[in-house]
Each structure stands twice: as structure tokens, then as C-alpha cells.
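# Remarks on the overall topology
The lines below spell out each chain.
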Amino acid sequence: MISRLEDFSNSVLGADDPLAVWNIATSFFESFGFIGSMYGIRHLQTTPNEKNIRFSNALSDWKTSYMAHKDYERDPLFIYAPQLPSVFFTGVNFLDDHPYLREEDVAVIRRAESFNLTSGIALKMAGGEDGVVRGWNLIGDLSRQEIMSLNDAHGGVLHVCAALADQKISQTVTRPDAYLTNREKECLILLANGQRTAQIANKLNIQSVTVDLHMRNAREKLGARTREQALAVAIVSNLLPL
């Protein structure tokens, strides 16, 4: 994981503008087998509009349909994201996982299916705490089992890289003045290497609950919702060189 993350991080941090970051990120996600990427921002107190949604070039045909039907007004990705976890599956292959969807919500998903876009991994960057929902939907034509296996194998690096790109694209304020303890840095570095809580605890000879404590402290200091976002903020803020 660390080599792909390091290469991506170097490319994103060296990019001159959000468009360059966007191109780097979408190409990176497509290298995992996704057809394309969608990135959106929704301000909960305002009517959704098309200006805050981006599609990678590979999704241009679906984008035309999406805009023509004003699907941004009913896209379940943004409507229900505040109640969903930081990573969840999307698309017609996962309809059974979301029984609360209404007829008009399902219609948006069915229109995507007509373009052979049947599954995706949504990576939530902001969940409405500050009145904003923001995140990625990595979209493809993989089967349910294929995309779940992809997430098991590469979900960590996808989430961290999505958070890195989000930091640059959205111009999210980072906290370069934040101070991380050596142990917090060690935990984040091991996370970057693909280690899970139990593995980090074993490596550092501490309890899993202590790892969770260090991760929570890092998240709070960096204003991050998840440990992956904390890692991204630490990298962008030059607090944690890989």
C-alpha cells in the first residue's frame, strides 16, 4: 500500500491546481478497474444543483443523462450520506442493502444502470456536520462480489487517496500548526502501510484500545472524521512525510 500511496501523494502535492489534482485522482481510481469517478458537494440548506458535481471523462454519456433528468436533486448518494458510514456501496447491485430508498431514488440508480454502471464505492469526506455533504463515488460495472473483494483488498488506499485529493480539490483548511505525538505519528504511518488496529497494536506492543485512542486524538487534532482523513490531512500539512 505504501508505494502506491507515496506515488499518489507526491503527484497530488506537486499539482499546481485543483484540475490537475482531479486528473491525477480519476486516473488513479480507474487503474483499480473503475469505469469512472464522480465527486460532489451538497450544501444541506440549499437546493442541490449541477454546479457542485464533477464527472470523469469516461462518464460523459451518463453525465448528459444525469443532468437532463436533474438527478442531482434526487441522488441518494447526497440525500442519505449523512446517515451512512464513511464507506458504503452504491449502484443497482447493492439496492437490497438500502431498503429505505424511495421510487424516485431507485430511478436515479436505474438510469445509471442503463449506462452499464452497476456498482460503486462511495467515500464520504464530509457527512453534514457543518451543513455540507462531500465525497466520491467510484463507479464501475463490477459484480457485487468483485467490488466487495476490491474494497477488501484496496479500500484503505482508496479512502486515503480520495481524502488526499479532497483536501486539494475542495481547498479544505488544513492544520499545519497541529502537534502530533510520536505515537500518533507511528500509528498513522502504520495505517499508511495497510495495517489494521490489531496489527498496529502488535507492532507497537500496545493494546488495541490504545491504538484507537491515539487515532482518535489524531483525528481531533486534525479536524478529520476518519483515521484515513487524518492521515491525508497530516500528509498535506507536512506533518507526516511518507
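Report on the accompanying structure. Treat the numbers as computed from the prediction; the structure is a model and nothing was measured.

## Observations regarding the sheet that holds strand 4 (residues 119-127)
Spatial ordering of the open sheet is given by 2-1-5-4-3, a layout of five strands whose pairing is antiparallel. Of all strands in the sheet, those with a lone pairing partner are strand 2 (53-55) and strand 3 (87-90), marking the two edges. Sheet twist, expressed as the average angle between the axes of neighbouring strands with direction ignored, equals 20 degrees. The sheet contact formed by strand 1 (residues 36-43) and strand 2 spans three bridges and is antiparallel. Of the residues in strand 2, the one forming a bridge with Gly40 is Ile53. Lying over the sheet, helix 2 (residues 18-30) contacts strand 1, strand 2 and strand 5 (132-140), oriented at roughly 130 degrees with respect to strand 1. The strands touched by helix 3 (residues 60-68) within the sheet are strand 1, strand 2 and strand 5, with strand 2 carrying the most contacts at an inclination of about 155 degrees.

## Concerning the nonpolar core
Trp136, Leu188 and Leu231 are the most contacted members of the largest nonpolar core, which totals 56 residues. When residues in this core are grouped by element, the largest group, 11 residues, is from helix 6 (residues 144-169). In terms of nonpolar packing, the next biggest core, distinct from the first, is built from 22 residues, Tyr80, Leu84, Leu95 and Val133 among them.

## Quick word on the pattern of salt bridges
Throughout the structure, instances matching the rule amount to 10 salt bridges. The partner of Asp71 in a salt bridge is Arg111, and the shortest N-O contact between them spans 2.6 Å. Here the residue Asp71 occupies a position in the loop between helix 3 and helix 4 (76-79), and Arg111 occupies one in helix 5 (residues 103-113), the gap between them amounting to 40 residues. On the basis of relative accessibility, which here comes to 2%, the residue Asp71 falls in the buried class. Among the ionic pairs, Asp105 bridges to Arg74, the shortest N-O distance being 2.3 Å. Here Asp105, found in helix 5, pairs with Arg74, found in the loop between helix 3 and helix 4; they are 31 residues apart in sequence, far enough to count as distant.

## Observations regarding the side chain of Ser56
Looking at where Ser56 falls in the secondary structure, it is placed in the loop between strand 2 and helix 3. For Ser56, a relative accessible area of 3% translates into the label buried. At 2.9 Å, the side chain of Ser56 and the backbone nitrogen of Ser37 are in polar contact. With near-sequence residues (within four places) excluded, Ser56 lies in contact with Trp22, Thr26, Glu30, Gly36 and Ser37.

## Remarks on the packing of aromatic side chains
According to the stated counting rule, one finds 11 aromatic pairs in the structure shown. Aromatic side chains Phe28 and Phe32 sit 5.2 Å apart centroid to centroid with 70 degrees between the ring planes, which places their arrangement in the edge-to-face category. Ring-pair connections join several aromatic residues into one group, and the members of that group are Phe8, Trp22, Phe28, Phe29, Phe32, Tyr39 and Trp136. Arg54 extends its terminal NZ or CZ atom over the ring of Trp22, reaching a point 5.9 Å from the ring centre.

Conventions used here
Residues numbered from 1 in each chain as written. Predicted model: local features only at pLDDT ≥ 70, side-chain atom pairs only at ≥ 80, totals over all residues. Heavy atoms only, no water. Pairing = 2+ DSSP bridges. Helix = DSSP H or I, 4+ residues; strand = E, 2+ residues; numbered from the N terminus. Axes fitted to C-alpha atoms, helices over the stretch in contact; angles between N-to-C directions. Contact = heavy atoms within 4.5 Å. Core = buried A, V, L, I, M, F, W, Y, C linked by side-chain atoms within 4.5 Å. Buried < 20%, exposed > 50% of the residue type's maximum accessible area, 1.4 Å probe, protein only. Salt bridge = Lys/Arg side-chain N within 4 Å of Asp/Glu carboxyl O. Polar contact = N/O pair within 3.5 Å; in protein donor to acceptor, adjacent residues only side chain to side chain. Phe/Tyr/Trp six-rings, centres within 6.5 Å; stacked < 30°, edge-to-face > 60°. Lys NZ or Arg CZ within 6 Å of the ring centre and 35° of its normal.

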